[in-house]
Amino acid sequence: MTRAVLSACACLALGAALPAGAQTMKPGLWSMSNKMTSSDPELQQAMSAMQQHMANMPPEQREQMQKMMQQHGVQVDVGAGGALQTKVCMTREMVERKEFPVQQGDCKQTFTQQSPSRGHIAFTCTKPRVSGEGDMTTDGDKSYRAHMKMHSEEQGRPQDMDMDVTGKWLSADCGNIRPLAVPRAK
């Protein structure tokens, strides 16, 4: 899988952590399911290979990867149907800022509230070149749904992905998952 695709997957997996009605979302531990697809057969194969690799990791390697990810504020695993399962600790400040966690680098985002439960978010990052947009709907203060479209370019070759995300609040206590360090969007 290319570097841009890996970065895009990470960006989108974390990027959907705050939905449209973020001012009403509960801080605490959130679980997200991220299902990525692409019409590009090569990209779809690379994403499937990454999911298969994660699912087939030996227990020691899986534990090591999960510990490393937890140090960065995320718990990751592969769930049913190859969906990327993540758990993220969201503080009250993160929820109130209505900024989603974007990847490290020069990123800009915009958020447009369309109704109390719907919003549109768009982002652009320069290293690697990744951009995307999507619509998010909250289902009360404990769940949301989102559909994101993402575009990147790797060695002059465009790569497009769609991602469907569902988020569910688990508890006010994040346990051993510390809050994500969220760089301020520009």
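This structure is a prediction, so every number in the text was calculated from the model and none was measured.

For strand 3 (residues 84-90), the buried fraction is high: 5 of the 7 residues fall into the buried class. Relative to strand 3, strand 1 (residues 28-37) runs antiparallel, the two being bridged by 7 bridges. In the sheet register, G28 faces strand 3, and the bridge partner there is M90.

All right, on to helix 2 (residues 41-55) then. With 15 residues, helix 2 ought to run about 21 Å at 1.5 Å a step, and its terminal C-alpha atoms sit 21 Å apart, in line with that. If you check which residues of helix 2 are buried, you get L43, A46, M47, M50, Q51 and M54. The buried residues of helix 2 occupy an angular sector of 135° when projected down its axis, which confines them to one face. For helix 2, exposure combined with an orientation more than 90 degrees from the buried face picks out P41, E42 and Q45. N-capping of helix 2 is provided by D40, with a side-chain oxygen placed 2.9 Å from the backbone N of E42.

Time to look at the pattern of salt bridges. A side chain of one charge can pair with a side chain of the opposite charge if their charged atoms are brought near each other. Scanning the entire structure with this criterion turns up 2 salt bridges. In this structure, D139 and R145 form a salt bridge, with 2.7 Å as the shortest nitrogen-oxygen distance. Here D139 falls in the partly exposed class, since its relative accessible area comes to 36%. Among the residues examined, R145 registers a relative accessible area of 43% and is labelled partly exposed. Notably, a salt bridge pairs K149 with D162, separated by 3.2 Å at the nearest N-O pair. On the criterion of sequence distance, the pair formed by K149 in strand 7 (residues 143-154) and D162 in strand 8 (residues 157-171) is long-range, its members being 13 residues apart.

In terms of nonpolar packing, the biggest core is built from 29 residues, with W30, M36, M90, F123 and Y144 touching the most fellow members. Among the elements of the structure, strand 1, helix 2, strand 3, helix 4 (92-97), strand 5 (118-126), strand 6 (129-138), strand 7 and strand 8 are those that each provide at least two residues to this core.

Of the two faces of strand 7, the one lined by Y144, A146, M148, M150, S152 and E154 is fully buried and the one lined by S143, R145, H147, K149, H151 and E153 carries no buried residue. As judged from the 9 bridges shared by strand 6 and strand 7, these two strands associate in the antiparallel manner. Residue pairing for strand 7: G134 is matched across the bridge by M148. Between strand 6 and strand 7, which follow one another and run antiparallel, lie 4 residues, and G140 among them has a positive phi close to 90°. As defined by bridge partners, strand 7 adjoins strand 8 across 12 bridges and the pair is classed as antiparallel. Within the sheet, the bridge partner assigned to M148 lies in strand 8 and is M163. Hairpin connection from strand 7 to strand 8: 2 residues lie between these consecutive antiparallel strands, with Q155 at a positive phi of about 50°.

All right, on to the confidence of the model for the protein then. When the pLDDT values of the protein are averaged, the result is 75; 72% of them are 70 or greater. Of all helices and strands in the protein, the one with the weakest mean pLDDT is helix 1 (residues 3-15) (46), whereas strand 8 scores best (89). Throughout residues 1-23 the model reports pLDDT below 50, and contacts reaching past four residues in sequence, or to other chains, amount to 84 contacts.

We now examine the side chain of D40. Among the secondary structure elements, D40 is positioned in the loop between strand 1 and helix 2. On the basis of relative accessibility, which here comes to 15%, the residue D40 falls in the buried class. One polar contact links the side chain of D40 to the main-chain amide nitrogen of E42, over a distance of 2.9 Å.

Thresholds applied
- Residues numbered from 1 in each chain as written.
- Predicted model: local features only at pLDDT ≥ 70, side-chain atom pairs only at ≥ 80, totals over all residues.
- Heavy atoms only, no water.
- Buried < 20%, exposed > 50% of the residue type's maximum accessible area, 1.4 Å probe, protein only.
- Helix = DSSP H or I, 4+ residues; strand = E, 2+ residues; numbered from the N terminus.
- Pairing = 2+ DSSP bridges.
- Expected span 1.5 Å × (residues − 1).
- Arc of directions from axis to C-beta.
- Polar contact = N/O pair within 3.5 Å; in protein donor to acceptor, adjacent residues only side chain to side chain.
- Salt bridge = Lys/Arg side-chain N within 4 Å of Asp/Glu carboxyl O.
- Core = buried A, V, L, I, M, F, W, Y, C linked by side-chain atoms within 4.5 Å.
- pLDDT = per-residue confidence, 0-100.
- Contact = heavy atoms within 4.5 Å.

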